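# Residue-level structural notes
The residues making up each chain are set out below.
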Amino acid sequence: MNTLSVTHDGYSQHGHASGRRPPLRRTQTMRGTQFAQLTAFAAVARHKNFTRAAESLGLSTPSLSQAIRSLEEEFGVRLFNRTTRSVALTEAGERLISHLLPVFERVDMAIDAISDFRDSPVGTLRLSVHPLAAATIIAPLVASFSSAYPVIGLEISVDQQRKDIVGDRFDAGIQLSNSIAQDMIAVPIGGPLRLKTVASPEYLARHAAPKTPHDLKEHNCIRYRWATDGVDDSWKFKCGDEEAEVEVDGSLTVNNLDLALRAALGGVGIVQLPDTAVAPLIAEGKLVPVLAERTPLWGDFFLFYSSRRHVPAKLRAMIDFLKKSSRGRDAAIAQSN
């Protein structure tokens, strides 16, 4: 946007050597004081009365009069003809206000535009999401969130590794708690992950189901790569106060949830994944739990963002939506138990 500016080449407050003022040029950026003076000028032009204009701006009448005098002095032209009874624009004042009004209208529109981001959940929400969270938390809620907030666009980047959400211009990220920097604001979502160990009926028809965690050493285990810095070959189990950790081996290691599920469905081996990912397949009889009484809780996913100050309404809407959905899911699990 062009800015109004004034140069003072060869001119001082005491007058120009030639008796004439230099032309106005757009070479000096408008300062806050000059913008305030132009706002005062527009108010007087609108009200055609200094007292009412001063009241509308929250100024004293003398202060407003001084602002107009300063503006006229700087421009070197009279902007108003005024008597004790009336105030009227001069020809120069008419020309100035005709150019200023569209500018002020655009300023008002700009302020209204950013107010929408403060007051209403609108705009594009960019999220960097761990693959498991994308599949088990976000994917089931996309349709209902979009229905509840149709003016929010979702842009979701599924990333195994935590991104620099500030540098990469994400509004927030969703990762496991141990992957989040300490200077981030983190909100737990989705509840603790409960792992289930499953295999296909076809696999179990060929191999006896394990009765203890240590029996897994005799099985082909599909290992899921939870992070980018290596493979955790240990599977954890818990039954009451008894805990076990077993190092497993197998012919397939993946970092993609869908591929891990397809391999299990195809009878490749046994896999350990979050129950939210395998529960529908168990209900359909396509996968069968093994060691079902030994089901550990494993970690939490957190939504994280950079600052508590001025949280965008679109992000606040997502946080509240995820919290509400998490409470509903916890209640359903408690009821089923």
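Residues numbered from 1 in each chain as written. Predicted model: local features only at pLDDT ≥ 70, side-chain atom pairs only at ≥ 80, totals over all residues. Heavy atoms only, no water.

As a further point, take helix α9 (residues 275-283). Listed as buried for α9 are D275, A277, V278 and L281. End-on, the buried residues of α9 take up no more than an arc of 145 degrees, which puts them together on one face. Two residues or fewer past α9, G285 is found with a positive phi of approximately 80 degrees. (Buried < 20%, exposed > 50% of the residue type's maximum accessible area, 1.4 Å probe, protein only. Helix = DSSP H or I, 4+ residues; strand = E, 2+ residues; numbered from the N terminus. Arc of directions from axis to C-beta.)

Moving on, we come to the nonpolar core. Ranked by internal contacts, the top residues of the largest apolar core, which has 46 residues, are I174, L273, F301, L303, Y305, L315 and L322. If you tally residues by element for this core, the top one is helix α10 (residues 313-336), at six residues. V44, F50, L96 and L100 belong to the second-largest nonpolar core, a separate cluster that totals 22 residues. (Core = buried A, V, L, I, M, F, W, Y, C linked by side-chain atoms within 4.5 Å.)

Listed in full, the buried residues belonging to helix α2 (residues 50-57) are F50, A53 and A54. Seen end-on, α2 carries its buried residues on one side only, within an arc spanning 100 degrees. Where α2 begins, one side-chain oxygen reaches toward the backbone nitrogen of T51, 2.9 Å away; that side chain belongs to N49. Downstream of α2 by one or two residues, G58 has phi in the positive range, about 75 degrees. (Polar contact = N/O pair within 3.5 Å; in protein donor to acceptor, adjacent residues only side chain to side chain.)

Mapped onto the elements, L261 comes out in helix α8 (residues 257-265). Overall, the relative accessible area of 12% leaves L261 in the buried class. Considered as a pair, L261 and V278 are 17 residues apart in the sequence and their alpha carbons are 7.9 Å apart. Beyond its immediate stretch of four places on either side in the chain, L261 contacts L273, A277, V278, L281 and L287. (Contact = heavy atoms within 4.5 Å.)

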